[in-house]
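Observations on the model geometry
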There are 2 protein chains.
Amino acid sequence: MAPALKIGIAGLGTVGASLARILSNRHNKLADICGRPIEIVAVSARDASKDRGIDLSAIQFYTNPVEMAESADIDVFVELIGGQGDPAFSAVRSALSRGCHAVTANKALLARHGVELAGIAEENGVLLNFEAAVAGGIPVIKAMRESLTGNSISRVFGILNGTCNYILTEMERNGLSFEDCLKEAQRLGYAEADPTFDVEGNDTAHKLALLTSLAFGTQIAADDIYLEGISNISIEDIRAADDLGFRIKLLGVAQKTESGIEQRVHPTMVPKNSVIAQVDGVTNAVAIDADVLGELMMSGPGAGGDATASAVMGDIADIAKSRPGHQHGPVLGRPAVHLDPYARARMRSHEGGYFIRLTVEDKAGVFASLAKHMSDNDISLESIVQRPGKNGANGNGDKKTVILVTHATMEDSVRKAVEAISSDGYLLDKPQVIRIERPDS
Amino acid sequence: MAPALKIGIAGLGTVGASLARILSNRHNKLADICGRPIEIVAVSARDASKDRGIDLSAIQFYTNPVEMAESADIDVFVELIGGQGDPAFSAVRSALSRGCHAVTANKALLARHGVELAGIAEENGVLLNFEAAVAGGIPVIKAMRESLTGNSISRVFGILNGTCNYILTEMERNGLSFEDCLKEAQRLGYAEADPTFDVEGNDTAHKLALLTSLAFGTQIAADDIYLEGISNISIEDIRAADDLGFRIKLLGVAQKTESGIEQRVHPTMVPKNSVIAQVDGVTNAVAIDADVLGELMMSGPGAGGDATASAVMGDIADIAKSRPGHQHGPVLGRPAVHLDPYARARMRSHEGGYFIRLTVEDKAGVFASLAKHMSDNDISLESIVQRPGKNGANGNGDKKTVILVTHATMEDSVRKAVEAISSDGYLLDKPQVIRIERPDS
């Protein structure tokens, strides 16, 4: 059997602890599968004395991960620190620069520095694996980087944030408001005390930026993403979606269009009978439209210590099965130096269906005016639902809800029509506009 | 750039032609990704003169695939001939024995000779890749062989035959009989003139045998599979399933139990709100229950020239990214010489829920007798539905349909109860028993 693969783990939170458990419980099986044992020889964490249920006696302990990356006798540097900047960045860069492989679960780091790090890995003939950075334990990076090599990808989209999907699922199931479901998610540990990063779509955007690069062979462009979170989604929207045969999911979507590549994160109507509409709770899902294969869909646990550790372990095993001097496939699917610049498609050029919910005064002429603005902007309607508003249900007929579902149209037209409607002065509430996405399956 | 990877393709049907197209259309991109060009240098087919839309002028042509495997100047032998025996078997064996990598889409061959061929590949330090052999373009082999290395798997199940799933979907959608939907599937090219192999579950069984080996590290046991096809499923079953919140799918299921490993292929009730229940038409799906990760679900095109070629291409690209002398991971997830013998669990020991549909005489005492037989066999019931039978709807009250859904119980108990009910003499039709499977998602 070949000599052991020596790994150093930076960050001993829930993921690190779960990874250490796997490596210990499955030690012999992993050695059999990989042709050599895998040994943790170094770890870094802030506090050496904390009990993490891991025996650290034979392991070199560092308080500084960069120092571990620079000097520990390791083959693989496993970065579980998090954060887009230092020390994670310096540590991974140092490890790769001296010919150590690296495995990371850090989407923020890669969204910011992924191309640079991929280039360093490729110059040094080592791997930078990051399956855990997107959709947790779902092997979407491997599928895109390896399995779909023969395909051109036209669209990739997914439920990439478990917090948001949990909240939307609970709103629908229990008829509760966003705020109530957020509180419940916080109580259960699915949402942070400050939930902004999850519910406003930033976390989804980081993951989407990586999928976009893999899908289209472009440089990572995490700042060029259209962003809309779920905090404005009301129970009225969810009910109206249900009536019309849709569910609302926060999707990250990257799509090739004639004018460039769209990257967008927003609440999205998906048909109820699509596979992705059934993905509930904290589960994640990714769908990939590939020219030769067709649509590939994957779903599974997208977060949590164990799911993340499962993906990190797969990445380490891939390295363990390779041998020093072996040539590796490119980190981002295509060599970093050959990645195309990212050409952003303007959001106003986006084409698709739209759900528009308007609260209007219940008086003569309002409906005719709505219809005229739609027609003026060349928007053709798939369905129109009109019902009494919140007050109307109590016999007070001065409010009405109008829901319009459009056929495929241009975002620019929808914005113009909604602006024109707003300026007519009979809207009693902020208009709600939700994009529709149609999976192939 | 490294020298070209030279491949020989045996079999130039739709898959081979699609593969040749990909290799030609994406030639430069593939070279960039893999670090070397991939060239078709040899092909074998029965008829050299047939026009397949591929330029064969610079390619060595063989009419005998075994001769090509033995003597062509190739790095990779791509077997697209099909069939569990020769010439496919001899050809792949010869190629591996002389140190050529092999890629195959042939589930029948691997279900029969997979362990022997894996052993030969491992002895010779080459790869035997077979992503296309199970669920077409869905990267389930890679997920199980590589991504889930850190997990113990307790169950794997899936919709592995597009023909059956198409027929069941159409029966439900259009309220048609099995026979009518089969005819339509044949007309559309989704079913063979002799559909036995698909509709009776043999094709699913071959694929399941490979998943079982990967999931549990056991030798392939394609003959030890409990088999029940879909030809006995009636529109009444589908309607009753729908009423009770289920859909019927032909599943292949492999499951670890206390008494061994179950391998079973049968029509299965899955809850309507599960992700797999939404997988319609010819689409395939596989779900994997893994201890660290949780449940991973993948769905996509499971057959057809392009989907198969996409998977074959991914397998070839993996080889192209490796270099001569590189150590590879084991073919079946664990080295062939270390695979455990397959220990079959008796079907009578299977535990799960059951749907039982009985057509009985509409007379006093019948229901009490049913209930007694259930109780005598310790079967507890989740739901009981009783409705007029076929004649009853016309006012003729002599027939009644009784549907029982059990809580988790033992197959042996269900069989005994149904036998006892049958021997009471008031059944007017063959009893229908369909197992229930509950996915985690």
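A brief report on the enclosed structure follows. Model, not experiment: these values are computed from the prediction.

A word on the overall build of chain A. The helix and strand tally for chain A stands at 14 helices and 17 strands. By the compact-globule yardstick of 22 Å for 441 residues, chain A fits well, its C-alpha radius of gyration being 24 Å. Overall size of chain A, expressed as C-alpha extent along the three principal axes, is 80 × 45 × 35 Å. The buried share of chain A, taken over its 441 residues, is 62%. Intrachain contacts of chain A at a sequence separation of at least 6 include 75% that bridge at least 24 residues. Per element, the accessible surface of chain A, about 16,300 Å² overall, is 46% carbon and sulfur.

Residue and element names in this part refer to chain B. Of all 8 residues in strand E11 (residues 283–290), 8 are buried, a share of seventy percent or more. Along E11, one buried face is formed by Thr 283, Ala 285, Ala 287 and Asp 289 and the opposite face, lined by Asn 284, Val 286, Ile 288 and Ala 290, is buried too. Pairing between strand E7 (residues 153–159) and E11: 6 bridges, direction antiparallel. Paired with Ile 153 across the strands is Ala 290, a residue of E11. In this sheet, strand E12 (residues 294–301) lies alongside E11 in antiparallel orientation, the contact comprising 8 bridges. Bridge pairing in E12 links Thr 283 to Pro 301.

All names here are of chain A. The residue Asn 165 is located in helix H7 (residues 162–174) in this model. By relative accessible area, Asn 165 is classed as buried at 1%. Sequence separation between Asn 165 and Leu 96 is 69 residues; the distance between their C-alpha atoms is 35 Å. Every residue in contact with Asn 165, bar those within four places of it in the chain, is listed here: Ile 159, Lys 249, Val 279, Asp 280, Gly 281 and Thr 283. Of note is the side chain of Asn 165, whose polar atom sits 2.9 Å from the backbone oxygen of Val 279.

Let us now look at the sheet that holds strand E2 (residues 38–44) of chain A. Residue and element names in this part refer to chain A. Read from one edge of the open sheet, 6 strands run E3-E2-E1-E4-E5-E6, paired in parallel fashion. Each of the sheet's edge strands pairs with one partner strand only, and the pair in question is strand E3 (60–62) and strand E6 (128–129). Looking at chain direction, strand E5 (residues 101–104) and E6 are connected through 2 bridges and run parallel. Bridging across to E6, Ala 102 finds its partner in Leu 128.

One finds Val140(A), Ile167(A), Val140(B) and Ile167(B) to be the most contacted residues of the largest nonpolar core, which totals 184 residues. Residues in contact with Val140(B), not counting those within four places in the same chain, are Glu131(B), Val134(B), Ala135(B), Leu211(B), Val286(B), Ile288(B) and Met298(B).

Take the side chain of Ser213(B) next. Residue and element names in this part refer to chain B. Here Ser 213 shows up in helix H10 (residues 202–216). On the basis of relative accessibility, which here comes to 0%, the residue Ser 213 falls in the buried class. The residues touching Ser 213, leaving out its near neighbours within four places in the chain, are Thr 218, Ile 220, Leu 332 and Leu 339.

Quick look at the interface of chain B and chain A now. Accessible area lost upon the coming together of the parts serves often as the stated size of an interface. Counting from both sides, the interface comprises 54 residues of chain B and, opposite them, 54 residues of chain A. Counting each side, the surface lost to burial between chain B and chain A is near 4,300 Å², with a carbon and sulfur contribution of 57%. It is Thr149(B), Leu293(B) and Lys321(B) that lose the most area in chain B upon contact with chain A, and together they represent 13% of the buried surface on that side. Applying the counting criterion to the chain B and chain A interface returns 2 salt bridges. We note a salt bridge from Lys142(A) to Glu146(B), for which the minimum N-O separation is 2.6 Å. Of all elements in the fold, only helix H1 (14–25), helix H2 (27–34), helix H6 (140–147), E12 and helix H12 (305–321) of chain B reach the threshold of two or more residues within the side of chain B that touches chain A. Considering only residue class, the side of chain B that touches chain A consists of 20 nonpolar, 22 polar and 12 charged.

This part takes up the pattern of salt bridges. Within the structure shown, the criterion is met by 64 salt bridges over all chains. The closest approach of N and O atoms between Glu228(A) and Arg435(A), which form a salt bridge, is 3.2 Å. Highlighted residues: Glu228(A) in the loop between strand E8 (226–227) and helix H11 (235–243) and Arg435(A) in strand E17 (residues 432–436), separated in sequence by 207 residues. Across the salt bridge formed by Lys207(B) and Asp203(B), the nearest N and O atoms sit 2.8 Å from each other. Placement of both Lys207(B) and Asp203(B) in helix H10 is noted, with a separation of 4 residues, approximately one turn of the helix.

What follows deals with the packing of helix H6 (residues 140–147) of chain A against helix H10 (residues 202–216) of chain A. Each pair of packed helices can be described by the angle between their axes along with the distance between the axes. All names here are of chain A. Across the interface, H6 lies against H10 with an axial gap of 9 Å and an inter-helix angle of 15°. Comparing the axis directions of H6 and H10 gives the class roughly parallel. As H6 runs across H10, the sense of the crossing is left-handed. Counting all contacts with H6, which are made through Val 140, Ile 141, Met 144 and Arg 145, the residues of H10 involved are Leu 211, Leu 214 and Ala 215.

This paragraph deals with helix H13 (residues 366–376) of chain B. Looking at H13(B), one finds that the buried residues are Val366(B), Ser369(B), Leu370(B), His373(B) and Met374(B). End-on, the buried residues of H13(B) take up no more than an arc of 135°, which puts them together on one face.

Turning to the relation of the copies chain B and chain A, a few remarks are in order. Overlaying chain B on chain A yields an RMSD of 0.0 Å, the required transformation being a rotation through 180° with an accompanying axial translation of 0.0 Å. The superposition operator between the copies reduces to a two-fold rotation axis. Every residue of chain B has its C-alpha some distance from the rotation axis, and the shortest such distance is that of Met298(B), at 2.2 Å. Most of the interface of chain B is mirrored in chain A, where 100% of its interface residues again form contacts.

It is worth spelling out helix H5 (residues 107–123) of chain A at this point. At 3.6 residues per turn, the α-helix brings residues three or four places apart onto the same side. All names here are of chain A. At His 113, H5 shows its maximal bend, which comes to roughly 80°. All buried positions along H5 are accounted for by Ala 108, Leu 109, Leu 110, Ala 111, His 113, Gly 114, Leu 117, Ala 118, Gly 119, Ile 120 and Ala 121. Where H5 is buried, its residues contact strand E4 (76–79), helix H4 (88–97), E5, E6 and H10. Between the side-chain oxygen of the N-cap and the backbone nitrogen of Ala 108 there are 3.2 Å, and the N-cap of H5 in question is Asn 106.

Residue and element names in this part refer to chain B. By the element assignment, Asp 429 lies in the loop between helix H14 (411–423) and strand E17 (432–436). The partly exposed category is assigned to Asp 429, whose relative accessible area is 40%. Placed 28 residues apart in sequence, Asp 429 and Thr 401 show a C-alpha to C-alpha distance of 9.9 Å.

Rules used throughout
- Residues numbered from 1 in each chain as written.
- Chains lettered and ligands numbered in written order.
- Predicted model: local features only at pLDDT ≥ 70, side-chain atom pairs only at ≥ 80, totals over all residues.
- Heavy atoms only, no water.
- Helix = DSSP H or I, 4+ residues; strand = E, 2+ residues; numbered from the N terminus.
- Rg over C-alpha atoms; globule rule 2.2 N^0.38 Å.
- Buried < 20%, exposed > 50% of the residue type's maximum accessible area, 1.4 Å probe, protein only.
- Contact = heavy atoms within 4.5 Å.
- Areas by Shrake-Rupley, 256 points an atom, 1.4 Å probe, with all protein chains shown as cover.
- Pairing = 2+ DSSP bridges.
- Polar contact = N/O pair within 3.5 Å; in protein donor to acceptor, adjacent residues only side chain to side chain.
- Core = buried A, V, L, I, M, F, W, Y, C linked by side-chain atoms within 4.5 Å.
- Buried area = accessible area lost by both parts, 1.4 Å probe.
- Salt bridge = Lys/Arg side-chain N within 4 Å of Asp/Glu carboxyl O.
- Nonpolar A, V, L, I, M, F, W, Y, C, P; charged D, E, K, R; others polar.
- Axes fitted to C-alpha atoms, helices over the stretch in contact; angles between N-to-C directions.
- Parallel < 35°, antiparallel > 145°, perpendicular 65-115°, else oblique.
- Left-handed = near helix turned anticlockwise from the far one by under 90°.
- Arc of directions from axis to C-beta.
- Least-squares fit on C-alpha atoms with pLDDT ≥ 70 in both.
- Bend = angle between axes of the 7 residues up to and from the residue.

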